[in-house]
Amino acid sequence: MRGGISLFDFAMSGCEIVVVTGFGPFRQFFVNLSWEAAQGLQLVGLGDPTVIYVKELPVSYVKAQQIIAEIWRSLRPKFVLHLGVATGSTGIILEQTGKNLGYRDRDVRGFCPESHSCVEGGPEKLDSLINMRTVCKELNQAGVDVHYSRDAGRYLCDFAYYCSLYHGERRAALVHLPTSGCLASADRLVPLLRTLLRTLLAQLENLLPHVRE
């Protein structure tokens, strides 16, 4: 819930819904910057008619998979932006691709999928509808330190991203946030992420008529 508004209320509001997720604690990250940034984005908002709904994803394969499926089933959002952290990074990383196979690292509960996959029988990889390379170039020209990637790391960020691309017909993006340097704070990141999210939605708006044809 947010301010007394339930997930059902969001679904029935008639507004365009954009979901932003961040992750809970894991390893040395007792307070996960991705969740702080997600909450900050909700506070600043995007303005009508778009409503931002935020959700914390536990660093758990099972729970993350369940929550993502429920987000797409219940909220039917226009777009989902997943935020994670990249250990040692000093810049923002835009991920293009979610991978289905190769998940061997255990989550915070000590669990690893027996099949080492996100969706058994699913495509080996899925790309976002958004051309993240184009977004990267556009933001770099505007002075924002962002980098393009096609390898999200085969852990919970990659896992969640693939599940979201699978359930949401590829209307999702994954952004890895820095854990060091001048950008590694929610105060610094939120304005940049707001600009990024608006750029992603603008590209999506141009794509959707063609996707529907």
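This structure is a prediction, so every number in the text was calculated from the model and none was measured. (Residues numbered from 1 in each chain as written. Predicted model: local features only at pLDDT ≥ 70, side-chain atom pairs only at ≥ 80, totals over all residues. Heavy atoms only, no water.)

Draft legend 1. Highlighting the pattern of salt bridges. Enumeration according to the criterion identifies four salt bridges in this entry. Between Lys 78 and Glu 16 there is a salt bridge, with the nearest N and O atoms lying 3.4 Å from each other. In this pair, Lys 78 is assigned in the loop between helix H3 (61-75) and strand E3 (79-86) and Glu 16 in strand E1 (residues 16-23), connecting sequence segments 62 residues apart. Overall, Lys 78 belongs to the buried group, its relative accessible area being 15%. (Salt bridge = Lys/Arg side-chain N within 4 Å of Asp/Glu carboxyl O. Helix = DSSP H or I, 4+ residues; strand = E, 2+ residues; numbered from the N terminus. Buried < 20%, exposed > 50% of the residue type's maximum accessible area, 1.4 Å probe, protein only.)

Draft legend 2. Molecular detail of the layout of surface pockets. Roughly 220 Å³ of volume is contained in the largest pocket. What lines the largest pocket is a set of 16 residues, and nearest its centre among them are Phe 26, Val 85, Tyr 155, Cys 157 and His 176. Going through the elements one at a time, E3 and helix H5 (156-167) are the ones with two or more residues in the lining of the largest pocket. A volume near 170 Å³ is recorded for the second largest pocket. If you trace the second largest pocket, you find it lined by Tyr 61, Val 62, Gln 65, Phe 111, Pro 113, Glu 114, Ser 115, Ser 117, Cys 118, Val 119, Glu 120 and Phe 159. (1 Å grid on protein atoms, 1.4 Å probe; cavity = no way out; pocket = protein on both sides within 12 Å on 5 of 7 lines; lining within 4 Å. Points joined across faces, edges and corners; volume = space filled by probe spheres on them.)

Draft legend 3. Structural detail: the environment of Ser 74. For Ser 74, the position within the fold is in helix H3. Residue Ser 74 is classed as partly exposed on the basis of its relative accessible area of 25%. Along the sequence, Ser 74 and Phe 26 sit 48 residues apart, while their C-alpha atoms lie 27 Å from each other. Among the polar contacts made by the side chain of Ser 74, one reaches the side chain of Glu 70 at a distance of 2.2 Å. (Polar contact = N/O pair within 3.5 Å; in protein donor to acceptor, adjacent residues only side chain to side chain.)

Draft legend 4. Spatial organisation of the sheet that holds strand E7 (residues 146-149). Taken in spatial order, the six strands line up as E2-E1-E3-E8-E4-E7 in an open sheet, and their pairing is mixed. Looking at strand neighbours, the two that pair on one side only are strand E2 (50-57) and E7, the edges of this open sheet. Mean inter-strand twist for the sheet, computed between neighbouring axes without regard to direction, equals 25°. Of the strand pairs in this sheet, E3 and strand E8 (residues 172-178) are connected by seven bridges, and their pairing is parallel. Pairing of His 82 across the sheet is with Leu 174, part of E8. With respect to the sheet, H3 is in contact with E1, E2, E3 and E8, its orientation differing from that of E2 by roughly 155°. (Pairing = 2+ DSSP bridges. Axes fitted to C-alpha atoms, helices over the stretch in contact; angles between N-to-C directions. Contact = heavy atoms within 4.5 Å.)

Draft legend 5. Summary view of the packing of aromatic side chains. Tallying each qualifying case throughout the model produces seven aromatic pairs. With 6.4 Å between their ring centres and 45° between their planes, Phe 26 and Tyr 155 make a pair best called tilted. A residue pair is termed long-range when its members are at least 10 positions apart, and Phe 26 in the loop between E1 and helix H2 (33-44) and Tyr 155 in the loop between E7 and H5 qualify at 129 residues. Ring centres of Tyr 61 and Phe 111 lie 6.4 Å apart, and the angle between their planes is 65°; this geometry places the pair in the edge-to-face category. Taken together, the residues span a long stretch of sequence, with Tyr 61 in helix H3 and Phe 111 in the loop between strand E5 (97-99) and strand E6 (125-127) at a distance of 50 residues. Given the relative accessible area of 1%, Tyr 61 is considered buried. On the basis of relative accessibility, which here comes to 35%, the residue Phe 111 falls in the partly exposed class. Site record: aromatic cluster; members linked through ring pairs are Phe 26, Tyr 61, Tyr 103, Phe 111, Tyr 155 and Phe 159. (Phe/Tyr/Trp six-rings, centres within 6.5 Å; stacked < 30°, edge-to-face > 60°.)

Shape is all these values report; function is a separate question.
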